Amino acid sequence: MEEQHAWSPRTIDLSQPNAARVYDYYLGGACNFAVDRAFADRVLAILPEARLPARLNRAFLRRVVAFCVRNGIRQFLDIGSGIPTAGNVHDVAHRADPSCRVVYVDNDPVAVAHGELILADDDLVATLAADFRDPETVLTAPVTRKLLDFAEPVAVLMTGLLHYVPDADGPHGVVARYREAMAADSYLVLSHITSARLPPRVREIGDLYRASPTPLYDRGRRAISGFFTGFELERPGLVYAPEWRPDSPEDVGEHPESCALYVGVGRRT
């Protein structure tokens, strides 16, 4: 068995890959294990550009956090946050305004353990072990109530999360429960994988994930748009990740659809 890092829980299963750690590997992070790297390398052998969605998702996250701060948001609930590596929500938010408060939520013990370690000295940021599908626990946890005031606008981020939630778990209804807890002028931020315009070989990657503990559930534009019910989409709407308010036109490229990632930001009305 692979030796565990000092910060990793002793009870985690190192025989199976994990989506949060695979994502960390795609981003060039160090919070992953041999089983995660082997899985990611199988994906990259099929589609060498498979790191692109992870990197564009992170770039979108940075742009959208800055957007939220410019529009008055000072509190963030990042659900399915993964491992809070450099350039994550609290880094971007605190550069814009050091008073911003952030709660990271994840059900992966490695993500939570690493978050607790690196955020231990920051009183305005916390990590919560909970599941997206249990909004009552997420919203009422002591750490959430300590840092976030839902009577005021909040940004609820679900970037790279919902494509791991099957339709059988009713993800649209769960998102609606978070919406009801959000004050007017709050923001819902989503990113979601789609294979709508990708080559057929991508189906092989779907097969790999379906055989893993964290299968992917591909959705089209209409289903993803449904998550924004009760929100008004901010310009430019639901688009491919490079198209959402790029830093420069050159960042979009000739084929933004190749990222396989829809993104959008909705304002609570």
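Our structure is the block above this text.
One structure accompanies this document, and this report is about it. (Residues numbered from 1 in each chain as written. Predicted model: local features only at pLDDT ≥ 70, side-chain atom pairs only at ≥ 80, totals over all residues. Heavy atoms only, no water.)

## A short note on unusual backbone geometry
The omega angle of the peptide bond from R235 to P236 is 10 degrees, so this bond is cis rather than trans. In this structure, D185 is a non-glycine residue whose phi angle is positive, near 75 degrees. Checked against the element boundaries, D185 lands in the loop between α8 (171–181) and β5 (187–193). Look at A260: it is not a glycine, yet its phi comes out positive at around 60 degrees. Here A260 falls in the buried class, since its relative accessible area comes to 6%. (Helix = DSSP H or I, 4+ residues; strand = E, 2+ residues; numbered from the N terminus. Buried < 20%, exposed > 50% of the residue type's maximum accessible area, 1.4 Å probe, protein only.)

## Details of helix α9 (residues 202–210)
Within the span of α9, buried status applies to V202, I205, G206, L208 and Y209. Down the axis of α9, the buried set is contained in an arc of 155 degrees. They therefore lie on one face. The exposed set on the far side of α9, more than 90 degrees from its buried face, consists of R203 and R210. The secondary structure elements touched by the buried residues of α9 are α1 (19–26) and α2 (34–46). (Arc of directions from axis to C-beta. Contact = heavy atoms within 4.5 Å.)

## Structural notes on the pattern of salt bridges
A complete count under the given rule lists 12 salt bridges for this structure. Across the salt bridge formed by R177 and E136, the nearest N and O atoms sit 2.8 Å from each other. Here R177 is found in helix α8, whereas its partner E136 is found in helix α6 (residues 135–140), with 41 residues between them in sequence. Between R267 and E234 there is a salt bridge, with its nearest N and O atoms 3.8 Å apart. Remark: E234 occurs in the loop between β6 (231–233) and β7 (239–240) and R267 occurs in strand β8 (residues 261–268); sequence separation between them is 33 residues. On the basis of relative accessible area, R267 is assigned to the partly exposed category, the value being 23%. A relative accessible area of 17% means that E234 is categorised as buried. By sharing partners, the salt bridges in this structure join D185, E232, E234 and R267 into a single network. (Salt bridge = Lys/Arg side-chain N within 4 Å of Asp/Glu carboxyl O.)

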